Amino acid sequence: MRKFLAYAFVAAMVVLLAAPLATAAEVTVSGTVADVESGTPVAGAKVTLSYLTEIVMTERTGAGMSMVVPLNEPTKYTAVTGADGTFSISVAPGNYGVTVEAAGFERYCGSVDTTYDSQITVQLTKLPPYDAQLSILVKDAETGLGVAGANVNGWPDFTYGG
């Protein structure tokens with residue numbers, strides 16, 4: 001009889017403790033993406049919530065280097081902001097990395113713990129204008145004539161060949 005009561009008690013505890021986990025409702029994370037300077041909503045911004053359920057690491061070696069890298073990819077949930085800059089994503093409760101990307105703006109990276117908060121307000125900073133044009137003519141120092149096929153390298157990450 002004692003064994004039966006012990007098994008019954010353990011079974012009841014498993015059911016009681018597992019019930020909240022099995023019925024964990026989804027949380028709707030919603031928010032607004034706007035220009036930090038003007039407050040204007042940013043339409044078409046890509047909002048991504050990333051949740052890494054379990055980190056599985058491996059060591060890779062090669063080229064005289066050794067590093068530990070994750071083998072698994074995070075679970076990602078994505079939404080695109082509407083004309084009013086709002087978005088909504090349904091996810092399981094947990095801690096998520098947040099990235100927001102929009103053309104002409106710096107990428108935003110942050111986090112949200114949906115156990116405690118489900119509202120996000122993201123202020124994006126505009127990138128500086130890159131509409132300048134550059135014209136380069138490489139000339140021979142002695143003749144003053146243009147050098148065909150010359151490559152010009154600059155900083156940062158600028159290469160022009162022509």
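Refer to the structure presented above.
Residues numbered from 1 in each chain as written. Predicted model: local features only at pLDDT ≥ 70, side-chain atom pairs only at ≥ 80, totals over all residues. Heavy atoms only, no water.

Asks: Can you explain the sheet that holds strand β9 (residues 119–124)? Please cite residues and give values.
Replies: The 3 strands are arranged β6-β1-β9 in an open sheet whose pairing can be described as mixed. Strands at the two margins of the open sheet, each flanked by one partner only, are β6 (86–91) and β9. If you compare each strand with its neighbour and ignore which way they point, the axes differ by 25° on average. (Pairing = 2+ DSSP bridges. Helix = DSSP H or I, 4+ residues; strand = E, 2+ residues; numbered from the N terminus. Axes fitted to C-alpha atoms, helices over the stretch in contact; angles between N-to-C directions.)

Asks: Give me the lowdown on the side chain of Thr48, citing residues and values where you can.
Replies: By the element assignment, Thr48 lies in strand β2 (residues 46–51). Judged by its relative accessible area of 7%, Thr48 is buried. The residues touching Thr48, leaving out its near neighbours within four places in the chain, are Lys76, Tyr77, Thr78, Gly97, Val98 and Thr99. (Buried < 20%, exposed > 50% of the residue type's maximum accessible area, 1.4 Å probe, protein only. Contact = heavy atoms within 4.5 Å.)

Asks: Which residues make up the pattern of salt bridges, and what are the values?
Replies: Taken as a whole, this structure holds 2 salt bridges when the rule is applied. Residue Lys126 is joined to Asp35 by a salt bridge in which the shortest nitrogen-to-oxygen separation is 3.5 Å. A residue pair is termed long-range when its members are at least 10 positions apart, and Lys126 in the loop between β9 and β10 (151–154) and Asp35 in strand β1 (residues 27–35) qualify at 91 residues. In this structure Asp35 comes out as buried when scored by relative accessible area, which is 5%. Of the charged contacts, one joins Glu101 and Arg107 as a salt bridge, the two residues approaching to 2.9 Å between their closest N and O atoms. Its relative accessible area of 55% is what places Arg107 among the exposed residues. (Salt bridge = Lys/Arg side-chain N within 4 Å of Asp/Glu carboxyl O.)

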